[in-house]
Amino acid sequence: MPAVSKGDGMRGLAVFISDIRNCKSKEAEIKRINKELANIRSKFKGDKALDGYSKKKYVCKLLFIFLLGHDIDFGHMEAVNLLSSNKYTEKQIGYLFISVLVNSNSDLIRLINNAIKNDLGSRNPTFMNLALHCIANVGSREMAEAFASEIPSILVAGDTMDSVKQSAALCLLRLNRTSADLVPMGEWTARVVHLLNDQHLGVVTAATSLITTLAQKSPDDFKTSISLAVARLSRIVTSASIDLQDYTYYFVAAPWLSVKLLRLLQCYPPPEDAALRSRLTECLETILNKAQEPPKSKKVQHSNAKNAVLFEAISLIIHHDSEPTLLVRACNQLGQFLQHRETNLRYLALESMCTLASSEFSHETVKTHIETVINALKTERDVSVRQRAVDLLYAMCDRSNAKQIVAEMLSYLETADYSIREEIVLKVAILAEKYAVDYTWYVDTILNLIRIAGDYVSEEVWYRVIQIVINREDVQGYAAKTVFEALQAPACHENLVKVGGYILGEFGNLIAGDSRSSPLVQFNLLHSKFHLCSVPTRALLLSAYIKFINLFPEVKATIQDVLRSDSQLRNSDVELQQRAVEYLRLSCIASTDILATVLEEMPPFPERESSILAKLKKKKGPGNLPDIDDARRNVNGSTEHSENTEATKKSSPSLVADLLPTNRPRPASSSPIMRSAGTMGTTHPFTDLLNLNSTPSAGASLLVDVFSESPAPPSVDVCEENFLRFVCKNNGVIFENQLLQIGLKSEYRQNLGRIYVFYGNKTSTQFLSFSTSVASHDLLKTQLNVHAKEVDPLIDGGAQVQQMLNIECVSDFTDAPVLNIQFRYGGTLQNIAVKLPVMLNKFFQPTEMTSQDFFQRWKQLGAPEQEVQKIFKAKHPMDTDVTKAKILGFGVALLDGVDPNPANFVGAGVIHSKCTQVGCLLRLEPNTQAQVKMYRLTLRTSKDSVSQRLCDLLSEQF
């Protein structure tokens, strides 16, 4: 690049920047900028032609003003004129201005393209570099269409200078990322591979980045790069630092190129050629050996560069998973980093060892570091490192160390960060179940889990412990005794009360012989918790009471008195009232034989896919969960080759066969009496376990087996986590995990809407067979029409694709459609379901009204069915500006000066659908004076279902 002479310095620009810096206020800065803009505009419009230096100076000033945050609406033509200059500094400023200010829709794009084409054909390397940089910086489809076919020929031409080759490779990489469909694949792809042999390491580095991206898309076209990459990597790792002086960074030879070559090799399986494979193994061994050498510099840059190459080499070793010696060495090397003083190294070591733990060759070596990992869990200050330690313990767990790992996780759970408690609970529950050879230990573990972190124990976990107790006769008495003792604590978590109510209702008779746990004592113990529980738990306890009447006739009168009390028969909750009435009548009119038949012991639960494991996968994200169900491990925790898997399954005792015997007789369907009793009114999810009217399969829909040998079709949970966040906004991220990010940008007009869905690949690996569909139930299909455009079936690593959804509101609706996404990542099929934030309020048209018109309309909508009112506690601090923004985002017009109380918020709008229009008035009254901040929300519309839906949506926002 030519040097800039002193004569090229722009004194006017320096003075202007100095003036801006000396401004004492924002107003003074704007005044100075406006003065300068007026001067520049007059110069551009003047009769006197400006020379190149003046144009450059004024364009530079415009660029500086734009970077300060001000809009620039002129000067573009002058910048384009600078491109035709033969002076480097003038051409450079022209390209810089265009790269920053000119968008792809500009009318000047044809002139710009002509100037770029002239520079690319000039064979002047400086001008060619400027043009290539501009194409890459703008990166628009128009640029790709104009130059994507020309740049490859520049890249592989024999007479192209090295600096231009670098720029061409990186420019092509940029266009491939933004407009891959416009980059033609031709004979140049075979020739670009040979750039890996180029003498200039800068060209090799740029070419490696390009080839890696192209190989992820079309691996077969770039297979020849494997041998060249190995050869180049071998020359780098065996060279002394003085051999590559220009590309040696703190005594590490070409670290960036080494990392890129190792990453390129991860696009392919291990080489089939024995000599090539041996040479690659030697390279990896050399990198591992160099990591053991004493550092040549104490500076952090040296260790960072050295470790970057080492971790990428370990990633390649893990990817190939074929060399036991290398895997064990990599594991030992990572083990040394577990106690390193650098936090980032400890984090990366734990993360990599999680992957190594699933390999048959290195699993045992990973287990040798268990004490170090447990110590990290206890002493590490950084929460992210502690979370990786939990992940590694989970991944290295097998039968030989399960009790130790579960005990350590339970110990850590008492002081764990709230953000990861739920995840630890799920992992403890899965490990305790999977490796339980003694079911009493499993029961103790889950009850301890509920005691320590009851708030984070999901329904799936306590459902599961009940399933195991019901299916294992030898543990039923122990479980009843254990929960009875646990319930005697003064403060019990509600989940423990649920488990206790269910197990004592089923198996309390097994411990009733002891006077300390007589039937009356059991009942009084359960009933002492009754008034502290929520409605679903009370419903479950009532079901336990009616079971007690069947098990223990001596407490029948006591239980009937409880059921007969006003607090039960006249309970405000319809479910509790109904249960009390029906159970009381059943106990009075039914004979002993009928009671025994209706209230017989629950049948064993059938095998199903693990809902606990599914919940953990949903929380962690697909592809980010260590596989603890690896068939390569036998019951003792050691590893075996895959061909011995079937023999292992046949010879080792099947835990599933013990836990879920399939030869037990299934009871007949419930009697008509209880079926009618159970179908009247609502049913809470907690009470499904004791829903006496259900058949065995219906009663166990959530109670599933984690280690089932017969795979069940995967059920995809619909993600609704961010759904309500979109009630008052149209743009944002609706879903994100370790693989995929889904963003939305929406626009609505009357009864029509359009959603742009952006799918971003967060990994470096290509997504294959990417497809989407929008699902709606039958009723919603008649209320809402959704048409989805096709989406690209391939998403490159780090790339993003867009899909458009067109929506039509036919009539008012309550539910929302579900977006189903399916793709293959690393050979595994991924399924994701996301609830689309299409709500009724999106079809609002705001309506401005005077105070008189508002109250006149308010009175017209005075029928009881037209008004919905809700009083609720404030979930967020009461902020007037935020509240106004949310009401406006909801879609209505905010009417100022209408309500006599200025603290209240009043809005009006019209819901548009294809069939009808529904007017809506709303009033939000915040009570800021009360000790507990409250809101009262009132909505009046001409349709009662619309009022209720809008009230439900809006009340969740405050």
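Residues numbered from 1 in each chain as written. Predicted model: local features only at pLDDT ≥ 70, side-chain atom pairs only at ≥ 80, totals over all residues. Heavy atoms only, no water.

Counting its secondary structure elements, the protein contains 42 helices and 17 strands. Buried positions account for 52% of the 958 residues belonging to the protein. Across the protein, contacts joining residues at least 24 apart in sequence account for 70% of those joining residues at least 6 apart. (Helix = DSSP H or I, 4+ residues; strand = E, 2+ residues; numbered from the N terminus. Buried < 20%, exposed > 50% of the residue type's maximum accessible area, 1.4 Å probe, protein only. Contact = heavy atoms within 4.5 Å.)

Nonpolar side chains in soluble globular proteins generally cluster together in the buried interior. Counting 190 residues, the largest nonpolar core has Ile116, Val192 and Leu449 as its most contacted members. Top contributing element to this core by residue count: helix H24 (residues 439–453), with 10 residues. Among the nonpolar cores identified, the runner-up in size contains 60 residues, and Phe767, Val801, Leu805 and Val868 belong to it. (Core = buried A, V, L, I, M, F, W, Y, C linked by side-chain atoms within 4.5 Å.)

A few words now on the packing of helix H18 (residues 343–356) against helix H21 (residues 383–396). Two elements in contact, H18 and H21, have axes separated by 9 Å at closest approach and are oriented at 20 degrees. One finds that H18 runs roughly parallel with respect to H21. Like other packed secondary-structure pairs, H18 and H21 cross with a definite hand, here left-handed. Where H18 abuts H21, its residues Thr343, Arg346, Tyr347, Leu350, Glu351, Met353 and Cys354 lie against Ser384, Val385, Arg388, Ala389, Asp391, Leu392 and Ala395. (Axes fitted to C-alpha atoms, helices over the stretch in contact; angles between N-to-C directions. Parallel < 35°, antiparallel > 145°, perpendicular 65-115°, else oblique. Left-handed = near helix turned anticlockwise from the far one by under 90°.)

Positive phi values are uncommon outside glycine, yet Arg123 reaches one of about 65 degrees. Topologically, Arg123 is positioned in the loop between helix H6 (109–120) and helix H7 (125–138). A relative accessible area of 42% means that Arg123 is categorised as partly exposed. In this structure, Ser769 is a non-glycine residue whose phi angle is positive, near 50 degrees. Relative to the helices and strands, Ser769 resides in strand S7 (residues 768–775).

So, on to the pairing of strand S15 (residues 905–912). Of all 8 residues making up S15, 8 are buried, and the element is well covered by its neighbours. Judged by which residues are buried, S15 turns out to be covered on both faces: Phe905, Gly907, Gly909 and Ile911 on one side and Val906, Ala908, Val910 and His912 on the other are all buried. In this structure, strand S12 (residues 844–846) lies alongside S15, joined through 3 bridges in antiparallel fashion. Along S15, the bridge assignment pairs Pro846 with Gly909. (Pairing = 2+ DSSP bridges.)

With respect to topology, 5 strands assemble into an open sheet ordered S4-S5-S6-S9-S8, the strand pairing being antiparallel. Because the sheet does not close on itself, it has two edges, and the strands there are strand S4 (731–736) and strand S8 (784–788). The sheet shows a mean angle of 25 degrees between the axes of neighbouring strands, taken without regard to direction. Pairing geometry for S8 and strand S9 (residues 800–809), over 5 bridges, is antiparallel. Its bridge partner lying in S9, Val786 is registered against Ile807.

Ordered by their spatial adjacency, 4 strands build an open sheet running S3-S11-S10-S7, and the pairing between neighbours is mixed. At either end of the open sheet lies a strand with only one pairing partner, and these are strand S3 (718–719) and S7. Here strand S10 (residues 818–825) runs beside strand S11 (residues 828–835); their pairing, made up of 8 bridges, is antiparallel. Directly across from Asn820, in S11, lies its bridge partner Ala833.

Attention shifts here to the environment of Arg346. Checked against the element boundaries, Arg346 lands in helix H18. Note: C-alpha distance between Arg346 and Gln336 (10 residues apart in sequence) is 9.1 Å. Those residues within four positions of Arg346 in sequence are excluded, and the remaining contacts are Phe337, Leu338, His340, Arg341, Glu380 and Val385. Looking at Arg346, its side chain comes within polar contact range of the side chain of Glu380, at 2.7 Å. (Polar contact = N/O pair within 3.5 Å; in protein donor to acceptor, adjacent residues only side chain to side chain.)

In this section: the packing of aromatic side chains. For the structure shown, the criterion picks out 21 aromatic pairs. Seen from their ring centres, Trp462 and Tyr463 are 4.7 Å apart, and the 80 degrees between their planes marks the pair as edge-to-face. You'll find Trp462 and Tyr463 in the same group, each marked buried. Measuring from centroid to centroid gives 5.4 Å for Phe854 and Phe855, while their planes differ by 90 degrees, and the two rings are edge-to-face. Taken together, Tyr759, Phe767, Phe770, Phe823 and Tyr825 form an aromatic cluster joined through their ring pairs. The ring of Tyr394 carries the charged tip of Lys427 above its face, separated from the ring centre by 5.2 Å. Positioned above the aromatic ring of Phe726, the side-chain terminus of Lys729 is 5.1 Å from the ring centre. (Phe/Tyr/Trp six-rings, centres within 6.5 Å; stacked < 30°, edge-to-face > 60°. Lys NZ or Arg CZ within 6 Å of the ring centre and 35° of its normal.)

By the definition in use, this model includes 35 salt bridges. The shortest N-O distance in the salt bridge between Lys943 and Asp812 comes to 2.5 Å. In this pair, Lys943 is assigned in the loop between strand S17 (934–941) and helix H42 (944–955) and Asp812 in the loop between S9 and S10, connecting sequence segments 131 residues apart. We classify Lys943 as partly exposed; its relative accessible area is 32%. Since its relative accessible area comes to 15%, Asp812 is described here as buried. Across the pair Glu925 and Arg936 runs a salt bridge whose closest N-O atoms are separated by 3.0 Å. (Salt bridge = Lys/Arg side-chain N within 4 Å of Asp/Glu carboxyl O.)

This part covers the environment of Pro219. Tracing the backbone through its elements, the reader meets Pro219 in the loop between helix H12 (201–217) and helix H13 (225–237). With relative accessibility at 31%, the residue Pro219 sits in the partly exposed group.

Within the element layout of this structure, Lys61 appears in helix H3 (residues 52–67). Residues within four places of Lys61 in sequence aside, it is in contact with Gly12, Leu13, Phe16, Glu36 and Ile40.

On average, residues of the protein score 81 in pLDDT, and 87% of them reach the 70 mark or higher. When mean pLDDT is taken per element in the protein, helix H14 (residues 255–265) scores highest with 93 and helix H36 (residues 655–659) scores lowest with 31. Residue range residues 1–7 is modelled with pLDDT below 50. Its contacts to residues more than four positions away, or to other chains, number 4 contacts. Taken as a whole, residues 626–713 scores under 50 in pLDDT and shows 191 contacts with residues more than four places along the chain or in a different chain. (pLDDT = per-residue confidence, 0-100.)

It is worth spelling out the environment of Lys498 at this point. Within the secondary structure, Lys498 is located in helix H27 (residues 494–507). Accessibility expressed as a relative area gives 4% for Lys498, which makes it buried. Separated by 28 residues in sequence, Lys498 and Leu526 have C-alpha atoms that sit 9.8 Å apart.

If you want to describe how two helices pack, look at the angle between their axes and the distance between the axes. Across the interface, helix H20 (residues 370–379) lies against helix H22 (residues 402–413) with an axial gap of 10 Å and an inter-helix angle of 10 degrees. For the element pair H20 / H22, the angle class is roughly parallel. Contacts between H20 and H22 pair Ile370, Glu371, Ile374, Leu377 and Lys378 from the former with Gln404, Ile405, Glu408 and Tyr412 from the latter. Among the residues forming the contact of H20 with H22, the class breakdown is 5 nonpolar, 1 polar and 3 charged. (Nonpolar A, V, L, I, M, F, W, Y, C, P; charged D, E, K, R; others polar.)

This paragraph deals with helix H29 (residues 535–551). Residues lying three or four places apart along an α-helix face the same way, a consequence of the helix completing one turn every 3.6 residues. Its 17 residues place the ends of H29 24 Å apart at the C-alpha level, agreeing with the 24 Å of an ideal helix rising 1.5 Å per residue. With 13 of 17 residues buried, H29 is to be regarded as a mostly interior element. (Expected span 1.5 Å × (residues − 1).)

In terms of strand pairing, S4 meets strand S5 (residues 740–749) through 5 bridges, oriented antiparallel. By the bridge assignment, Phe735 is partnered in S5 with Ile742. Two successive antiparallel strands, S4 and S5, enclose a turn made up of 3 residues.

Next up on the list: H21. Counted at 1.5 Å a residue, the expected span for H21 with its 14 residues is 20 Å, and the 20 Å between its end C-alpha atoms agrees. Most of H21 is tucked away: 12 of the 14 residues are buried. Three or more residues of H21 are buried, namely Val385, Arg386, Gln387, Arg388, Ala389, Val390, Asp391, Leu392, Leu393, Tyr394, Ala395 and Met396.

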